[in-house]
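The lines below spell out each chain.
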Amino acid sequence: MALKTHKPVAEEYLAGATARVSHSFGVPAAAVWAALLDAQAWTQWLPITKVTWTSPQPFGVGTTRTVEIGDAKVEEYFFAWEEGKRMAFRFAASPLPISAAVEDYRVVETAGGCELHWAGRASAIFPLNILVNKQLAGGLKSGMPKLEAIIRAEPARFGLS
């Protein structure tokens, strides 16, 4: 599928996000962060077939990666990065029928572990925009408990011993 370039949106576009999902994890924030950096883990908790980080570590603002969802490839550009706490990216290019999209992942320490807060926004023609935003949020809502189960099942993989 041919890729088309999307609008280079960032924080100001993200501020209008209405799709939001949170999950409380009974594991340390460092383990959740480690899972977010693990390319294979993304394919285990979301309907993603492959993740390839296309920038060298250490990751930060300007990092890129390619995410495959079936036959569709989405090129992502990270416009915000706070190591161990936050990563936010925009869809730089994809074959999807959208003009812009962002996702923001924030890991917050809590007394019993941490919380993962996600916000996302995608723009497409009406009513497709509503469907896309609901689909993004729905995937994250059903996926976050799976992510916690993966971390608990393989603690050493995510820095827990």
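Presented here is an overview of the structure given in this document. This is a predicted model, so every value here is computed, not measured. (Residues numbered from 1 in each chain as written. Predicted model: local features only at pLDDT ≥ 70, side-chain atom pairs only at ≥ 80, totals over all residues. Heavy atoms only, no water.)

Below, the discussion takes up the side chain of E148. Topologically, E148 is positioned in helix α4 (residues 128-153). With a relative accessible area of 12%, E148 lands in the buried category. The residues touching E148, leaving out its near neighbours within four places in the chain, are H23, S24, F25 and G26. (Helix = DSSP H or I, 4+ residues; strand = E, 2+ residues; numbered from the N terminus. Buried < 20%, exposed > 50% of the residue type's maximum accessible area, 1.4 Å probe, protein only. Contact = heavy atoms within 4.5 Å.)

A word on the environment of A122. Residue placement: A122 occurs in strand β8 (residues 113-123). The class of A122 is buried, set by a relative accessible area of 6%. C-alpha separation for the pair A122 and L136, spaced 14 residues apart in sequence, amounts to 8.8 Å. Apart from residues no more than four positions distant in its own chain, A122 is found in contact with Y13, I98, A100, A101, N129, V132, N133 and L136.

Moving on: the packing of aromatic side chains. Across all of its chains, the model carries eleven aromatic pairs by this definition. A centroid spacing of 5.2 Å and a plane angle of 35° characterise the contact between W42 and W45, whose relative ring orientation is tilted. Of this pair, W42 and W45 are both found in helix α3 (residues 39-45), three residues apart, which corresponds to roughly one turn of the helix. For the pair shown, W42 and W45 are each scored as buried. (Phe/Tyr/Trp six-rings, centres within 6.5 Å; stacked < 30°, edge-to-face > 60°.)

A word on unusual backbone geometry. Of the consecutive residues Q57 and P58, the connecting peptide bond is found in the cis state with omega at 0°. Structurally, P58 is set in the loop between β3 (50-53) and β4 (64-69).

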